[in-house]
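# Geometric and topological summary
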Amino acid sequence: MKRRAPRNRTITLTEEETAVYRGRLQRISGPVAAAAITNQTLHHDLRDILDWLPANSVDLLFLDPPYNLPKAFHGARFHSRSLADYAAWFESWFAPLLRLLRPIASVYVCGDWRSSSAIHQVMEKHLIVRNRITWEREKGRGAKGNWKNAAEDIWFGTLSESYTFNLDAVKLKRRVRAPYTDTSGQPKDWGRTKSGNFRLTHPSNLWTDITVPFWSMPENTDHPTQKPEKLLAKLILASSNPGDLVLDPFLGSGTTSVVAKKLGRRYCGIEMDEWYCCLAEKRLALAEDSPGIQGYEDGVFWERNSR
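Quantities reported herein were computed from a predicted structural model and do not represent experimental measurements. (Residues numbered from 1 in each chain as written. Predicted model: local features only at pLDDT ≥ 70, side-chain atom pairs only at ≥ 80, totals over all residues. Heavy atoms only, no water.)

Now for the packing of aromatic side chains. Inspection of the entire model under this criterion finds 10 aromatic pairs. On the numbers, 4.6 Å between centres and 40 degrees between planes, the contact of tyrosine 296 with phenylalanine 301 is tilted. On the accessibility criterion, phenylalanine 301 (0% relative accessible area) is buried. Across from the ring centre of phenylalanine 301, 5.1 Å away, lies the NZ or CZ of lysine 234, which sits over that ring. (Phe/Tyr/Trp six-rings, centres within 6.5 Å; stacked < 30°, edge-to-face > 60°. Buried < 20%, exposed > 50% of the residue type's maximum accessible area, 1.4 Å probe, protein only. Lys NZ or Arg CZ within 6 Å of the ring centre and 35° of its normal.)

Extensive coverage of helix 6 (residues 229–239) is indicated by the burial of 11 of its 11 residues. The set of residues buried in helix 6 consists of Glu229, Lys230, Leu231, Leu232, Ala233, Lys234, Leu235, Ile236, Leu237, Ala238 and Ser239. (Helix = DSSP H or I, 4+ residues; strand = E, 2+ residues; numbered from the N terminus.)

Mapped onto the elements of the fold, lysine 282 is located in helix 8 (residues 274–286). Relative accessible area serves as the criterion here: at 12%, lysine 282 is assigned to the buried category. The sequence separation of lysine 282 and serine 253 amounts to 29 residues, and the corresponding C-alpha distance is 9.5 Å. Not counting the four nearest positions on each side in its chain, lysine 282 is found in contact with Ile11, Thr12, Leu13, Glu17 and Tyr21. Within the structure, lysine 282 has its side chain in polar contact with the side chain of glutamate 17 (distance 3.1 Å). (Contact = heavy atoms within 4.5 Å. Polar contact = N/O pair within 3.5 Å; in protein donor to acceptor, adjacent residues only side chain to side chain.)

Right, let's get into unusual backbone geometry. Although it is not a glycine, asparagine 39 adopts a positive phi angle of roughly 60 degrees. One can find asparagine 39 in the loop between helix 2 (34–37) and strand 1 (40–43).

Moving on: the sheet that holds strand 15 (residues 300–302). Across a sheet, strands are paired by hydrogen bonds formed along the backbone, either parallel or antiparallel in direction. Spatially, the 5 strands line up as an open sheet ordered 9-10-8-15-14, and their pairing is mixed. On the outer flanks of this sheet lie strand 9 (191–193) and strand 14 (296–297), each paired with one strand and no other. As paired strands, strand 8 (residues 172–175) and strand 10 (residues 196–201) are joined by 4 bridges and run antiparallel to one another. By the bridge assignment, lysine 173 is partnered in strand 10 with leucine 200. In the packing of helix 6 onto the sheet, contacts are made with strand 8, strand 14 and strand 15, and the angle to strand 15 comes to roughly 150 degrees. (Pairing = 2+ DSSP bridges. Axes fitted to C-alpha atoms, helices over the stretch in contact; angles between N-to-C directions.)

Bringing the side chain of threonine 201 into the picture now. Tracing the backbone shows threonine 201 in strand 10. With a relative accessible area of 16%, threonine 201 lands in the buried category.

Turning next to helix 7 (residues 255–262). For an α-helix the count is 3.6 residues per turn, leaving residues at separations of three or four pointing the same way. With 7 of 8 residues buried, helix 7 is to be regarded as a mostly interior element. Check the buried side of helix 7 and you find it contacts strand 2 (58–63), helix 6, strand 12 (245–248), strand 13 (266–271) and helix 8. Once helix 7 finishes, glycine 264 follows within two positions and takes phi at roughly 80 degrees, a positive value.

Moving on, we come to the pairing of strand 2. Judged by how many residues are buried, strand 2 sits mostly within the fold: 6 of 6 residues are covered. Note: strand 2 against strand 5 (residues 101–111), 5 bridges, orientation parallel. Pairing of leucine 61 across the sheet is with valine 107, part of strand 5.

Moving on, we get to the packing of helix 1 (residues 15–22) against helix 8. Their axes nearest at 9 Å, the elements helix 1 and helix 8 cross at an angle of 85 degrees. Viewed along their axes, helix 1 and helix 8 adopt a mutual orientation that is roughly perpendicular. Where helix 1 approaches helix 8, its residues Glu17, Thr18, Tyr21 and Arg22 are matched on the opposing element by Glu274, Trp275, Cys278, Glu281, Lys282 and Ala285. Tallied by class, residues from the contact of helix 1 with helix 8 come to 4 nonpolar, 1 polar and 5 charged. (Parallel < 35°, antiparallel > 145°, perpendicular 65-115°, else oblique. Nonpolar A, V, L, I, M, F, W, Y, C, P; charged D, E, K, R; others polar.)

Below is the structure:
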């Protein structure tokens, strides 16, 4: 086990914990109903169980597949390929996965500049593509002969023209830089508080308020591509309702399931690596006593460093 600094809050697993959480993982050996996978972590490769998963059951599908670059995931390694080959790989499991969705379901797919165009191409064949969110990933290594890679994409699509989008649930609270007032001196579209002047703004497709998990954050794990809880909270609040079923077939360290649980949704996560599955189960257990989401308080999302 890695030696950690005294204030390091990264979530880890002891051998004893791994044994306990291993016993909570779900395995299936044939077709199942939605109830059998609800609020479960499935220890499987998605491709092995795709035909067994229940049709017309999922309200929100979140996909964070391996990007088109060499990357190691706890011993497993993903290799880069041509854009055409990546698109073919993506479509090989993406198209069959869509039968799991309810007609009003929404789909979000993560990618970077190497994979984003292939994802868009495939999604347009099967869904109504509604937007591309670009979020600032403030971590990243500099390069002497290229621009620093500091952003990722999330493609948003729906099965039909009827879908959930809860605008008021995902407004962003920003600090007012120019506090304009009307002729009587009252704030115009903003409010005064003891901690400053703030305005609730409509959510855009450019996100600059996301913090990538790091060692001092209680949600941090050793997963190399962990998504922030705040990012998932935006998507889940916008595109699902309490009680809806949220599916993540590339669960990793469990962020999607954890946030769905904290926000009163049902969840199902699928992950091929047993250690990450156990880590997800530990995070789900921790969520019982720590339901908060950093950056989301009082029913609104706060601009980074605004409080």
